[in-house]
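# Residue-level structural notes
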Amino acid sequence: MGPDIFTVRRNNRIFFFLALTAITVSSIIVTEYDIAKGFTSIYKAITWSLSNFYPDANAMTRLPDIMIKLQETVLISIAATTVAALCAFFFSIFGSKTTKVNSILSTLSRGVASFSRNIPDAVWALILLFSFGQSALTGYFALFFATFGFLTRTFIETIDEVGDSSVEALRATGASYTHIIAHAYLPL
Amino acid sequence: MTLLDVKNLNKQYGTGTVALSNVNFSVKEGEFISIIGPSGAGKSTLLRCLNRMIEASSGEITFDGMKVLQLNKKELRNLRSKIGMIFQHYNLVNPLSVIENVLHGRLGYKSTMKGLLGIYSEEEKKGALEIIELLGLEEQIYKRCDQLSGGQKQRVGIARALIQKPKMLLCDEPIASLDPNASKIIMDYLRKVTNEMGITCLVNLHQVNVALTYSDRIIGVKQGKIVYDGLPQYVTKEIIQDIYGTESGELILDIGGNRGA
Ligand SMILES: Nc1ncnc2c1ncn2[C@@H]1O[C@H](COP(=O)(O)OP(=O)(O)O)[C@@H](O)[C@H]1O
Ligand SMILES: [Mg+2]
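Residues numbered from 1 in each chain as written. Chains lettered and ligands numbered in written order. Predicted model: local features only at pLDDT ≥ 70, side-chain atom pairs only at ≥ 80, totals over all residues. Heavy atoms only, no water.

## Comments concerning the nonpolar core
Applied cut-off: In this text, buried Ala, Val, Leu, Ile, Met, Phe, Trp, Tyr and Cys residues form a nonpolar core when linked through side-chain atoms within 4.5 Å. Exposure is judged per residue with a 1.4 Å probe applied to protein chains only, and the accessible area is read against the type maximum: over 50% gives exposed, under 20% gives buried, and values in between give partly exposed. Secondary structure is summarised from DSSP: a helix means a run of H or I of at least four residues, a strand means a run of E of at least two, and numbering begins at the N terminus for each. Contacts were defined at the residue level, with two residues in contact if any of their heavy atoms lie within 4.5 Å.
Residues B:I36, B:V102, B:V156, B:I158, B:L169, B:M187 and B:L190 are the most contacted members of the largest nonpolar core, which totals 60 residues. Of the residues forming this core, the biggest block, 6 residues, is contributed by helix α7 (residues 180-197) of chain B. Setting aside its immediate chain neighbours within four residues, B:L190 contacts B:F32, B:I86, B:I158, B:L169, B:C171, B:P174 and B:C201. A:A169, B:L47, B:C49 and B:A56 belong to the second largest nonpolar core, which has 35 residues in total.

## What to know about the site of ligand 1
Residues and elements named next belong to chain B. Just so we agree on the cut-off: Being near a molecule or strand, for a residue, means having at least one of its heavy atoms within 4 Å of it. Two N or O atoms count as a polar contact when they lie within 3.5 Å, although within protein this holds only if one can serve as hydrogen donor and the other as acceptor, and sequence-adjacent residues are included solely when both atoms are side-chain atoms. For accessible areas, the Shrake-Rupley method is used with a probe of radius 1.4 Å. Any residue's cover is judged against the shown protein chains and nothing else.
Lining the immediate environment of ligand 1, one finds Y13, T17, A19, P38, S39, G40, A41, G42, K43, S44 and T45. Here a nitrogen atom of ligand 1 and a side-chain polar atom of Y13 are 3.4 Å apart. In the environment of ligand 1, an oxygen atom lies 3.2 Å from a nitrogen or oxygen atom belonging to the backbone of A41. When the free accessible area of ligand 1 is taken as 560 Å², the share hidden by the protein chains comes to 58%. With 3 residues, helix α1 (residues 43-50) is the single largest residue contributor to the shell around ligand 1.

## Some remarks on the domain arrangement of chain B
Residues and elements named next belong to chain B. We apply this condition: Segmentation into domains, and thus their bounds, comes from an automatic or database assignment. Accessible surface is computed with a 1.4 Å probe, and the buried area is the amount of it that two parts give up when combined, taken over both parts together. Any carboxyl oxygen of Asp or Glu within 4 Å of a side-chain nitrogen of Lys or Arg constitutes a salt bridge here.
By the assigned domains, chain B splits into domain 1 (1-82 + 167-261) and domain 2 (89-165). Taking the mean C-alpha position of each, domain 1 and domain 2 sit 25 Å from one another. Between domain 1 and domain 2, the contact holds 17 residues from the first and 18 residues from the second. Taking both partners together, domain 1 and domain 2 bury about 1,300 Å²; carbon and sulfur atoms supply 62% of that area. If you sort the residues of domain 1 by the area they bury against domain 2, R77, S81 and Y189 come out on top, with a joint share of 37%. Linking domain 1 with domain 2 are 0 salt bridges. Between the two partners, domain 1 and domain 2, sit 7 residue pairs in polar contact (both at pLDDT 80 or more). Secondary-structure elements contributing two or more residues to the side of domain 1 that touches domain 2 are α2 (73-81) and α7. With 7 residues, the single largest contributor to the side of domain 1 that touches domain 2 is α7.

## Notes on the domain arrangement of chain A
Entries for chain A in the domain assignment read domain 1 (5-54) and domain 2 (62-185). Averaged C-alpha coordinates put domain 1 of chain A and domain 2 of chain A at centres separated by 30 Å.

## Here we look at the pairing of strand β1 (residues 2-12) of chain B
Residues and elements named next belong to chain B. Put simply, the rule reads: Two strands qualify as a pair provided DSSP detects at least 2 bridges between them.
Note: β1 against strand β2 (residues 18-28), 7 bridges, orientation antiparallel. From the neighbouring strand, L9 faces β2, where its bridge partner is V23. Once β1 ends, the chain turns through 5 residues before running back antiparallel as β2, passing G14 with a positive phi of about 55°. As defined by bridge partners, β1 adjoins strand β4 (residues 58-63) across 5 bridges and the pair is classed as antiparallel. What sits directly across from K7, in β4, is E60.

## Section: the packing of aromatic side chains
Residues and elements named next belong to chain A. Our working rule: The pairing test for Phe, Tyr and Trp rings, Trp by its six-membered ring, is centres within 6.5 Å, and the orientation test on the planes gives stacked under 30 degrees, edge-to-face over 60, and tilted for anything in between.
Applying the stated criterion across every chain yields a total of 11 aromatic pairs over all chains. With centroids separated by 6.4 Å and ring planes inclined at 15°, the aromatic side chains of Y140 and F144 adopt a geometry described as stacked. Of this pair, Y140 and F144 both sit in helix α6 (residues 136-162), 4 residues apart, which is roughly one turn of the helix. Between the aromatic rings of F144 and F145, the centroid separation amounts to 5.5 Å while the plane-to-plane angle is 75°, which identifies the pairing as edge-to-face. When its relative accessible area of 13% is taken as the criterion, F144 is described as buried.

Given below as structure tokens:
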């Protein structure tokens, strides 16, 4: 007889908790993070941001500059989202169980998608900032990766929801793979 | 003339369920055959093996001179375009209109580009209109399919199959989700398709009385084996009991008594 499913679950949970603790503790040691200081600094952080981010007379003179940057940001986000949506479309088709071409490609696309989604965009921004410096490209990539991961997951869920019923019908008429994608999923 | 010939067909799902074991039968052109049997007997598996929606484990299937199990990808598309399929849950693309769903039946004949862009010839569109009228759907032609009743959806399903100009229809429980009224309409249409267009029909049914009323021939399936293959007139109470097990036998045959109604 195999081990009881509840025991297995509990052991899994304990293992997960221990692993998480180990990772947390070791990152604290590696980064030399002082927990007590982390909490006492909250007050300082608030006063700092209030005094630095509060708009004053100087801010008005910089407004035109800021507007230009703002416009740039809007354009970057539009570009990043469009390209991300296009990539996400292909990745979701390869990733979804119902439309996948083969299992390896499916697992791979799902993996890439969750990887880029589960890293928050702030972290992407940091990573890219260190690699490329502060530029439009950095912002573009940060937005791209986060949007791409998010959209792929959403698209995959939508495709899975359609289910295979209409796909089955189209397959039975002799429609090819591309026909099925175009006529069963794109109408959504 | 023999249209379909099935020899020693076996299907096992993975290493588990044996869904079909040593199935043998053949179908003549223009026959209307009902396949009856309890749920889980292997009826759906059998139908789907015929157009390779499910791959059989072993055996031989000949359809219209083609060795079905040996076909390559392109030949398989060609085979499927000659076999229409009708489903219990209609399997339409719901956000699309009736006419678009009907035209999907032409995709099996299309090149990649034309099919991808949904380019249909005038002739195909005319054909679609004719079939839609034939099935009494002319008022629904531009409606989205999710706004139709069950009976109407199934008629769209039949239209999509007919526009393929098929030699055979495979119907998997076509009336299992319909009320008696709509069921009768659908069965009448299927019978008409065989009588007037000469299209062979293979219909999975679990309503024995309907099967006996409409069919030229009955195939009884039980646990993946054919246990009856013959005329509906010779289906006795004992045979029904053998197929379905003792308890359900009486109930089903009672309803089957008023055949021809
Ligand atoms: N995809 C599948 N994987 C494994 N077993 C299946 C699958 N589809 C059907 N079966 C099994 O095969 C048997 C026959 O199923 P099916 O052909 O659907 O019967 P029916 O249509 O007569 O109800 C059942 O025991 C069912 O559980
Ligand atoms: Mg079934």
